[in-house]
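Reading the structure
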Amino acid sequence: MKGMQTLDASRPEDVYLHLDETIEQANHAVHCYSRLPMRQLLRYVSGNSAEMWWLSEHDTPRAIPPHPNDVFAHIKSSTRESASLVVLEGIDWLVRRTNETTVLEMLQSLDGLSRERDFQVVLAGDSLSLNPTFWARICSLAPKISVSADPVEVDDQHYGFEEELIHHTPIEEAERSLDDTVLVHLVKLPQAGFTQAVLARRMLQWKRMGFDLAALEPAMAANDMAKAHAIYVGVEAEIITAIDAIRLIEQRNEDLTVTERERFNYRFMALNEVAEGYEELIRLLSSR
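All of these numbers come straight from a predicted model, not from anything done at the bench. (Residues numbered from 1 in each chain as written. Predicted model: local features only at pLDDT ≥ 70, side-chain atom pairs only at ≥ 80, totals over all residues. Heavy atoms only, no water.)

Scanning the protein chain from N- to C-terminus turns up 13 helices and 8 strands. The 288 residues of the protein chain split such that 48% are buried. Residue pairs in contact within the protein chain that sit at least 24 positions apart in sequence constitute 66% of those at least 6 positions apart. Total accessible area on the protein chain is roughly 14,600 Å²; 47% of this is exposed by carbon and sulfur atoms. (Helix = DSSP H or I, 4+ residues; strand = E, 2+ residues; numbered from the N terminus. Buried < 20%, exposed > 50% of the residue type's maximum accessible area, 1.4 Å probe, protein only. Contact = heavy atoms within 4.5 Å. Areas by Shrake-Rupley, 256 points an atom, 1.4 Å probe, with all protein chains shown as cover.)

In the structure shown here, the tally under the stated rule is 9 salt bridges. Of the charged contacts, one joins arginine 62 and glutamate 51 as a salt bridge, the two residues approaching to 2.9 Å between their closest N and O atoms. Taken together, the residues span a long stretch of sequence, with arginine 62 in the loop between strand 3 (51-55) and strand 4 (63-64) and glutamate 51 in strand 3 at a distance of 11 residues. Judged by its relative accessible area of 35%, glutamate 51 falls in the partly exposed class. Ionic pairing is found between glutamate 280 and arginine 267, a salt bridge with its closest N-O pair at 3.0 Å. Of this pair, glutamate 280 sits in helix 13 (residues 274-286) while arginine 267 sits in helix 12 (residues 258-269), and the two are 13 residues apart along the sequence. In this structure glutamate 280 comes out as partly exposed when scored by relative accessible area, which is 25%. A relative accessible area of 14% places arginine 267 in the buried class. (Salt bridge = Lys/Arg side-chain N within 4 Å of Asp/Glu carboxyl O.)

Working definition: the strands of a sheet are paired by backbone hydrogen bonds and lie parallel or antiparallel to each other. In space, the 6 strands of this open sheet follow the order 1-6-5-2-3-4, with parallel pairing throughout. Edge strands, defined here as strands with exactly one partner in the open sheet, are strand 1 (3-8) and strand 4. In this structure, strand 1 lies alongside strand 6 (residues 120-125), joined through 6 bridges in parallel fashion. If you follow methionine 4 over to strand 6, its bridge partner there is valine 121. Sheet strands touched by helix 7 (residues 132-141): strand 1 and strand 6. Its angle to strand 1, the strand with the most contacts, is close to 140 degrees. (Pairing = 2+ DSSP bridges. Axes fitted to C-alpha atoms, helices over the stretch in contact; angles between N-to-C directions.)

A few words on the confidence of the model for the protein chain. On average, residues of the protein chain score 82 in pLDDT, and 87% of them reach the 70 mark or higher. Predicted confidence is poor over residues 148-180, with pLDDT under 50, and the contacts of this stretch with residues over four places away or in other chains come to 55 contacts. (pLDDT = per-residue confidence, 0-100.)

Right, let's get into the nonpolar core. In this structure, Trp206, Phe211, Leu216, Ile239, Phe268 and Leu281 are the most contacted members of the largest nonpolar core, which totals 34 residues. Those elements that provide at least two residues to this core are strand 8 (182-186), helix 9 (196-209), helix 11 (225-251), helix 12 and helix 13. Looking at which element gives the most residues to this core, the answer is helix 11, with 10 residues. Setting aside residues no more than four positions away along its own chain, leucine 281 makes contact with Ala245, Leu248, Ile249, Leu256, Phe264 and Phe268. In terms of nonpolar packing, the next biggest core, distinct from the first, is built from 32 residues, Trp53, Leu55, Val103 and Leu130 among them. (Core = buried A, V, L, I, M, F, W, Y, C linked by side-chain atoms within 4.5 Å.)

As structure tokens, this is what we get:
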């Protein structure tokens, strides 16, 4: 099969759970471009089944800069010999790193390359994190994959809370010029009334902002809601600090280099040692 298809998935892990059989049955090489570090990706994809690459600014042998032009150039190079499948997840992240036009141009080039070299491409991203019009354009270029079941064991009724919680949740909005995403401080969720459904809705809200929520996965899997809430509180505190830090970056934009802004922004959106990063940011700005 050649050409592109789209898979709507809110988490990188879901992508590989959906494609597990497809990857295992591929006749030729499989190339996975993921937001997950190699150590995490190997939990879902066998090293014998696919070549794996990490979309990251980190300077490692298996890291590819998360920019559409770099990604396309690498795919073009790695598929010179026969390939069956290319999995590219995190389309929503590539858009945040650049813009819709750049990503769409890259996808059009990738579609042509896949047809020329006769391999399949699966684009994966979270439709809720993208502009609906842009998502529709992607799906017109790469038809959506029909999935019979969601591999994540989350009751569908969780999403019934969406309108209610949005209506009753007080927010303080702040525009982000970096990628036009609105970062907001959401009301804190107390332990009383905390359920898996409420947690799922809150994760959806944060996911739309672009935060990496891998740290909340144990809370979703926990049967003990007190334990789940304790995990949630820790992540909530990190996101509050991360939002404040990113706002500070915007306020002091001229005092930071482009590289510094990108490095801090990536770190805070990935929730990677947020408190330490915030202190480092303060020290850096106080010296300028």
